[in-house]
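# Results of the structural survey
The chain contents come next:
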Amino acid sequence: MNNKSIKHTKVLILGSGPAGYTAAIYAARAMLKPVLVFGSEPGGQLTTTTDVENFPGYSKVIQGPWLMEEMKGQAKAVGTEMIQDHIKKVDLSKKPFEAIGDSGQVYTADSFIVSTGAQARWLNLKSEQEYRGFGVSACATCDGFFFKEKQVAVVGGGNAAVEEAMFLTKFASKVKLIHRRNELRAEKMLQAKLKANKKIEIIWDSVVEDVVGEKNPKSVKAIKIKNVKTNKVSELIVDGLFIAIGHDPATSLFKGQLSMDKEGYIVTKPDSTVTNVPGVFAAGDVKDKIFRQAVTAAGMGCMAALEAEKHLSSK
């Protein structure tokens, strides 16, 4: 292997959502000349979010894809090198760290920022994907506001589903929680709160079969649900459907190399992005399953870059 195919950087950033781009902005401004490698979905989850009303600094509604383009432009303008490549293998056991792309390119780095994000789990219905962003959502805190005095349904049975259902009662007139079993997995205390809420109705032993909507303007009108015990299909009139069946962090590359919790989220030191491998930092949804907001991911990206800079200057 000739040395031409090795690309070395002080800071290698993997992933391009708010965490990766913000890390790049801070690292570039610290004159570290970061290299950011992004995959087939540059911009991450925000590129599938249309209206963003909760990112600080914008009094008018902005579009998720636009916000990501702006962050990308800013990271480039201050000196980040951006490369589209799919990283298939990383080796964090030796210094410099090594990452290998599908392109055959080998990247080596003195420090490594992991910001590969997470994906919401979906039901994988054609109609669900068709109305995604038009009444179908995987984030109540992002989109609940758009359902004032409307009827919505939430799918799931864990803590996230119960929390989303309760959050939605602030806006919606009625919330139906649809669960495929006859008991919830959520913590007992949460369940008690849920059951005490008059706005919430639980529909047991049921799964969503289809999303019914209108094309013009594109909007959700109803969902078809099937009772798994009787196989009876019924239609439920709703204006919105929230999928809360969990997220999958994009961390399979780092299994066995970085400490993770049982769900695959990277574990970092409290109030820090420091992982169990010195020089490797994790930021955004790859390590955060609690807040999952663009602004918290961006904040962690900043922390990762500052911690990487401190790590490098101590060497």
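Residues numbered from 1 in each chain as written. Predicted model: local features only at pLDDT ≥ 70, side-chain atom pairs only at ≥ 80, totals over all residues. Heavy atoms only, no water.

## What about the overall build of the chain?
Selection criterion: The helix count covers DSSP runs of H or I at least four residues long, the strand count covers runs of E at least two residues long, and both are numbered beginning at the N terminus. The globule rule used here is 2.2 Å times the number of residues to the 0.38 power, and the radius of gyration it is set against is calculated over C-alpha atoms. A 1.4 Å probe rolled over the protein chains alone gives each residue an accessible area, and that area as a share of the maximum for its type sets the label: buried under 20%, exposed over 50%, partly exposed in between. Contacts between residues were defined by any pair of non-hydrogen atoms, one from each residue, lying within 4.5 Å. Residue burial considers only the protein chains on display, and all accessible areas are found by Shrake-Rupley using a 1.4 Å probe.
Looking only at helices and strands, the chain has seven helices and 19 strands in total. Computed over the C-alpha atoms, the radius of gyration of the chain is 21 Å, within 12% of the 20 Å expected from 2.2 N^0.38 for a compact globule of 315 residues. Within the chain, the proportion of its 315 residues that are buried is 48%. By sequence separation, contacts in the chain at least 24 residues apart represent 59% of the contacts at least 6 residues apart. Of the roughly 15,700 Å² of accessible surface on the chain, a fraction of 53% belongs to carbon and sulfur atoms.

## What about the sheet that holds strand 11 (residues 151–155)?
Let me state the cut-off plainly: The rule for pairing is simple: two strands pair if DSSP sees at least two bridges between them. Convention adopted: a line fitted to C-alpha atoms gives each axis, helices being fitted over their contacting stretch, and angles between N-to-C directions are expressed from 0 to 180 degrees.
Judged by pairing direction, the sheet is parallel, and its five strands sit side by side in the order 10-17-11-12-13 without closing on themselves. With partners counted over all chains shown, the strands left at the sheet margins are strand 10 (136–137) and strand 13 (200–203), one partner each. The sheet contact formed by strand 12 (residues 174–178) and strand 13 spans four bridges and is parallel. Bridge pairing in strand 13 links Lys176 to Glu201. In this fold helix 5 (residues 159–168) packs onto strand 11, strand 12, strand 13 and strand 17 (240–243), with an angle of close to 170 degrees to the strand it touches most, strand 11.

## Looking at the pairing of strand 7 (residues 97–101)
Burial along strand 7 is one-sided: the residues Phe97, Ala99 and Gly101 are buried and none of Glu98 and Ile100 is. Across four bridges, strand 6 (residues 87–91) lies against strand 7 in antiparallel orientation. Across the sheet, the residue bridging to Lys89 is Ile100, located in strand 7. With four bridges connecting them, strand 7 and strand 8 (residues 106–114) associate as antiparallel partners.

## Thoughts on helix 5
Along helix 5, the positions that sit buried rather than exposed are Ala161, Val162, Glu164, Ala165, Met166 and Leu168. In the core, the buried residues of helix 5 are packed alongside helix 4 (140–143), strand 11, strand 12, helix 6 (188–196), strand 13 and strand 17.

## Concerning the state of the cysteines
Throughout this description, disulfide means a covalent bond between two cysteine sulfur atoms. Keep this limit in mind: Disulfide: a pair of cysteine sulfur atoms within 2.5 Å of each other.
For the structure on display, the rule yields one disulfide. A sulfur-sulfur distance of 2.0 Å marks the disulfide that ties Cys139 to Cys142. Where Cys139 bonds to Cys142 through sulfur, the torsion about that S-S bond is close to 75 degrees, and the disulfide is right-handed. Assessed through its relative accessible area of 27%, Cys142 is described here as partly exposed.

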